[in-house]
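Residue-level listing of the chains:
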Amino acid sequence: MTNTHKATAAVRACLLTACALLVAGSGPARAAAPPESIAGNWLYVTVTRGDARSSDTRGTLLLCDPPQGHAHAVRACAELRAAGGDIGRIPPKEVYCPMIYAPVTTSARGEWGGRAVTYKETHSNSCVMAARTGSVFALSD
C-alpha cells in the first residue's frame, strides 16, 4: 500500500468515525458503530470562499441512502445519481453569471457506487460554481 493510499484510508476512517460519533451523540450514550457500518453513497463536501490569505471554509456530510445531512440533500443526490456519482458530469445550467472574480473552491471526498470519489475545483465565483455543480455544493438554505 502506498503512502497516498494509507493517507486516503486514514482520512476516510476519520470521517466515518466522526459521522458515527455525531449520530451517537444525538441520543443516549452508547458505543459508536465501527466506520464500516456506514453504507451507501456519501460525500463530504466543502466550499471555500476567498483566496489562501483570507478564506472561509464550510462543509457537510451528504448521505444519499436515504438523502440527509445537507440543506438540499434530495436534489443533490438526484443530480449525483443521474451523473453516476461524477460531479464533473452534472450538466451545467444555462445561466448568465457576472464576470466578477470572487474565487470559490469546491472539494468532495467520499464513496459512490463502491468506488472512491475525489473532486476539487476552483470556480471564478459562486454563480459559476452553482451553474457547474448543481446542488451538490449548495450548503446554505
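Conventions adopted
- Residues numbered from 1 in each chain as written.
- Predicted model: local features only at pLDDT ≥ 70, side-chain atom pairs only at ≥ 80, totals over all residues.
- Heavy atoms only, no water.
- UniProt positions renumbered as here; feature names shortened; annotations may be inferred.
- Helix = DSSP H or I, 4+ residues; strand = E, 2+ residues; numbered from the N terminus.
- Disulfide = S-S within 2.5 Å.
- Buried < 20%, exposed > 50% of the residue type's maximum accessible area, 1.4 Å probe, protein only.
- Pairing = 2+ DSSP bridges.
- Contact = heavy atoms within 4.5 Å.
- Axes fitted to C-alpha atoms, helices over the stretch in contact; angles between N-to-C directions.
- Phe/Tyr/Trp six-rings, centres within 6.5 Å; stacked < 30°, edge-to-face > 60°.
- pLDDT = per-residue confidence, 0-100.
- Core = buried A, V, L, I, M, F, W, Y, C linked by side-chain atoms within 4.5 Å.

As annotated in an unreviewed UniProt entry, the protein chain carries the name SSI family serine proteinase inhibitor and comes from Streptomyces phaeochromogenes. The record in UniProt for the protein chain states the following under Subcellular location (unreviewed entry): "Secreted".

## Describing unusual backbone geometry
With an omega dihedral of 0°, the bond running from D65 to P66 counts as a cis peptide bond. Checked against the element boundaries, P66 lands in the loop between strand 2 (55-64) and strand 3 (67-68).

## Examining the state of the cysteines
Summed over the entire model, instances satisfying the criterion amount to two disulfides. One disulfide bridge connects C64 with C77, the sulfur atoms lying 2.0 Å from each other. Taking the sign of the S-S torsion, -85° for the link of C64 and C77, the bridge is left-handed. One end of the pair, C64, is in strand 2; the other, C77, is in helix 2 (residues 73-82), and 13 residues separate them in sequence. Grouping residues by exposure puts C64 and C77 together as buried. Disulfide pairing is shown between C97 and C127; the S-S distance is 2.1 Å.

## Let's talk about the sheet that holds strand 3
Taking strand neighbours across the sheet as the criterion, the five strands line up as 3-2-1-4-5 in an open arrangement whose pairing is antiparallel. Across the chains shown, the open sheet's two edge strands, defined by having one partner strand only, are strand 3 and strand 5 (115-123). In terms of strand pairing, strand 4 (residues 104-112) meets strand 5 through nine bridges, oriented antiparallel. Paired with V104 across the two strands is H123, which belongs to strand 5. Across the face of the sheet, helix 2 comes into contact with strand 1 (42-50), strand 2, strand 3 and strand 4 while running at roughly 75° to strand 2. Helix-sheet contacts for helix 3 (residues 126-133) involve strand 1, strand 4 and strand 5, and the interaxial angle to strand 5 is about 150°.

## With respect to the packing of aromatic side chains
One pass over the structure, following the stated rule, counts one aromatic pair. The interplanar angle of 25° and the centroid separation of 5.9 Å between the aromatic rings of Y119 and F137 together place this pair among those described as stacked. In this pair, Y119 is assigned in strand 5 and F137 in the segment after helix 3, connecting sequence segments 18 residues apart. We note that Y119, like F137, is buried.

## Considering the confidence of the model for the protein chain
Caution is warranted with low-pLDDT regions, since their predicted coordinates should not be read in detail. With 70% of its residues at a pLDDT of 70 or more, the protein chain shows a mean pLDDT of 79. Within the protein chain, helix 3 carries the highest mean pLDDT (96), whereas helix 1 (residues 3-25) carries the lowest (48). Residue range residues 1-8 is modelled with pLDDT below 50. Its contacts to residues more than four positions away, or to other chains, number one contact. Scored below 50 in pLDDT, residues 18-37 makes 10 contacts in the model with residues more than four places away or belonging to other chains.

## A word on the nonpolar core
Counting residues in hydrophobic clusters, the biggest one holds 20 residues, and the most contacted among them are L43, L62, L80, I87, A108, V136 and F137. Of all the secondary-structure elements, those providing two or more residues to this core are strand 1, strand 2, helix 2, strand 4 and strand 5. With four residues, helix 2 is the single largest residue contributor to this core.

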